[in-house]
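Listed below, chain by chain, are the residues.
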Amino acid sequence: MPEEQVANAAMQQYWNEVAGPRWVARAAIQESRNLEVAHILQEAAAPKPGERVLDIGCGTGATTLPFAAAVAPGGSVTGADLAEPMLAQCRQNIASSGATNIELVLADAQTHAFAPDYDLVISRFGVMFFADPFAAFANLYKTLKKGGRLCMAVWSTLDDNVHWKIPFEIAVKHLGRPAPGDPNAPGPMAFRDPNRFRDILEKAGFAGISVEKRQFHIAGRTALVEAEHSSGAGPAWRLMEEMQAPDDVRRAIVTETAAAFSPYVTRAGIRLPGNILLAQAKRTN
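Residues numbered from 1 in each chain as written. Predicted model: local features only at pLDDT ≥ 70, side-chain atom pairs only at ≥ 80, totals over all residues. Heavy atoms only, no water.

Draft legend 1. Expanded view of the pairing of strand β4 (residues 118-124). With seven of its seven residues buried, β4 lies for the most part within the structure. Where strand β1 (residues 52-56) and β4 come together, three bridges link them in parallel fashion. The residue of β4 that forms the bridge with V53 is L120. Alignment of β4 against strand β5 (residues 144-155), held across six bridges, turns out to be parallel. Looking across to β5, one finds that S123 is bridged to M152. Where the polypeptide runs from β4 across helix α6 (residues 133-141) and back to β5, its parallel neighbour, the crossover connection is right-handed. (Buried < 20%, exposed > 50% of the residue type's maximum accessible area, 1.4 Å probe, protein only. Helix = DSSP H or I, 4+ residues; strand = E, 2+ residues; numbered from the N terminus. Pairing = 2+ DSSP bridges. Right-handed = clockwise from strand over helix to strand, strands pointing away.)

Draft legend 2. Broad picture of the packing of aromatic side chains. Tallied over the entire structure, the rule returns eight aromatic pairs. When the centroid spacing of 6.0 Å and the interplanar angle of 90° are considered together, the rings of F130 and F137 count as edge-to-face. Across the pair, exposure class does not vary: F130 and F137 are buried alike. An aromatic cluster of at least three residues, connected via ring pairs, comprises F125, W155, W164 and F216. (Phe/Tyr/Trp six-rings, centres within 6.5 Å; stacked < 30°, edge-to-face > 60°.)

Draft legend 3. Quick peek at the side chain of R149. Note that R149 resides in strand β5. At 2.9 Å, the side chain of R149 and the side chain of E51 are in polar contact. Apart from residues no more than four positions distant in its own chain, R149 is found in contact with A45, A46, P47, K48, E51, D119, L120, V121, L144, A281 and K282. (Polar contact = N/O pair within 3.5 Å; in protein donor to acceptor, adjacent residues only side chain to side chain. Contact = heavy atoms within 4.5 Å.)

Draft legend 4. Structural detail: the confidence of the model for the protein. Across the protein, the average pLDDT comes to 92, with 92% of residues at 70 or higher. Considering only residues more than four positions removed or in separate chains, one finds that residues 1-6, a stretch of pLDDT under 50, has eleven contacts. (pLDDT = per-residue confidence, 0-100.)

Draft legend 5. Region of the structure containing the pairing of β5. Most of β5 is tucked away: nine of the twelve residues are buried. Looking at chain direction, β5 and strand β8 (residues 269-282) are connected through seven bridges and run antiparallel. Note on β8: the bridge partner recorded for W155 is I276.

Draft legend 6. Structural view of helix α8 (residues 194-204). Where α8 is concerned, the buried positions are R196, F197, I200, L201 and A204. Down the axis, α8 shows its buried residues gathered within 135° of arc, on one side only. In α8, those exposed residues whose orientation departs by more than 90 degrees from the buried face are N195 and K203. Buried residues along α8 sit against α6, β5, β6 (207-220) and β8. Among the residues of α8, the N-terminal cap falls to D193, whose side-chain oxygen and the backbone nitrogen of N195 are separated by 2.9 Å. Within two residues after α8, G205 carries a phi angle of roughly 115°, on the positive side. (Arc of directions from axis to C-beta.)

Next up, the structure:
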C-alpha cells in the first residue's frame, strides 16, 4: 500500500506493531467492554437486508459480523483496517461464524479507493486516528451512493468517561501531568469536540449532520481486571509510558484504581459510566 503508507505511516506502524497485537491479545475483554456501544451503533445505523456496508477500522469484527447478519440476505459488508494483526483475528472470527457475505481489506481509509457504491459507512472507534481527517472523510464521502448514510461512534472527553478519568488522575498524582501536545492529534479522543467533528463532516460534503452525546456503560468483570486493563491502554497507560514509570509505581496506580472503581461493582460485574459521540449524516447529491 505505497500511497496509504505515506498518509498514515505512523499509525499504521503503531497499530501493526503495538496496539493491534495488544488488542488481539485482550480481544475477549476489549470486545465485551464495548458491547453497549456496538448495540447503540447498530440501532442508529439501522442496516437493512440487501445493503452494502463499509466498516472503517473494523478490527476483529465486533461490528462487521452483526452488520453482515443484519444485511443478509443479499447484502454484504466490507471491513477495512490498516492493522494486519486485527484482520487476522477477524478472519478467524468470520470463519467461526460461518458468515459468507464479508470482505476484508487491508487499507488506510484516508486514501484507499473504495468502490463508490455503499449504502452505509459505519465505524466504532475506528476513525479517530487519521493523519488528515478532512481528507479522510472526503474520501469516505465518495464511497457512498446518493442517499447513502454515515453512522459512527467516537469517544467523548476524558471527563465524560470514568474508565479513563479515574486511572488517569491517579497516575497524574504519582507522576505529574503529561507534556502539552496537540489536542487534535490522532488518537482516541481526537473527535471529542462535537463542533470539530461536525465541521469535518460538513467540509467533506455531508448533509443532515447530527453529532450527539450518548451514554453507555463499560462492562467489566471486576474492579481489579478493569484497573489492570487501564494500565495497559488509555490515557493512564500513555502517561506511565511517557514518564517511564517504574514497576512499583505502576502497581500502586493499579491498586488505587481498583479501589476507586469498587463503587461501580454490581451483581453483574463492574459497570463504568461513559459517553460517546454518535455522528450521523447523509450524502444527498
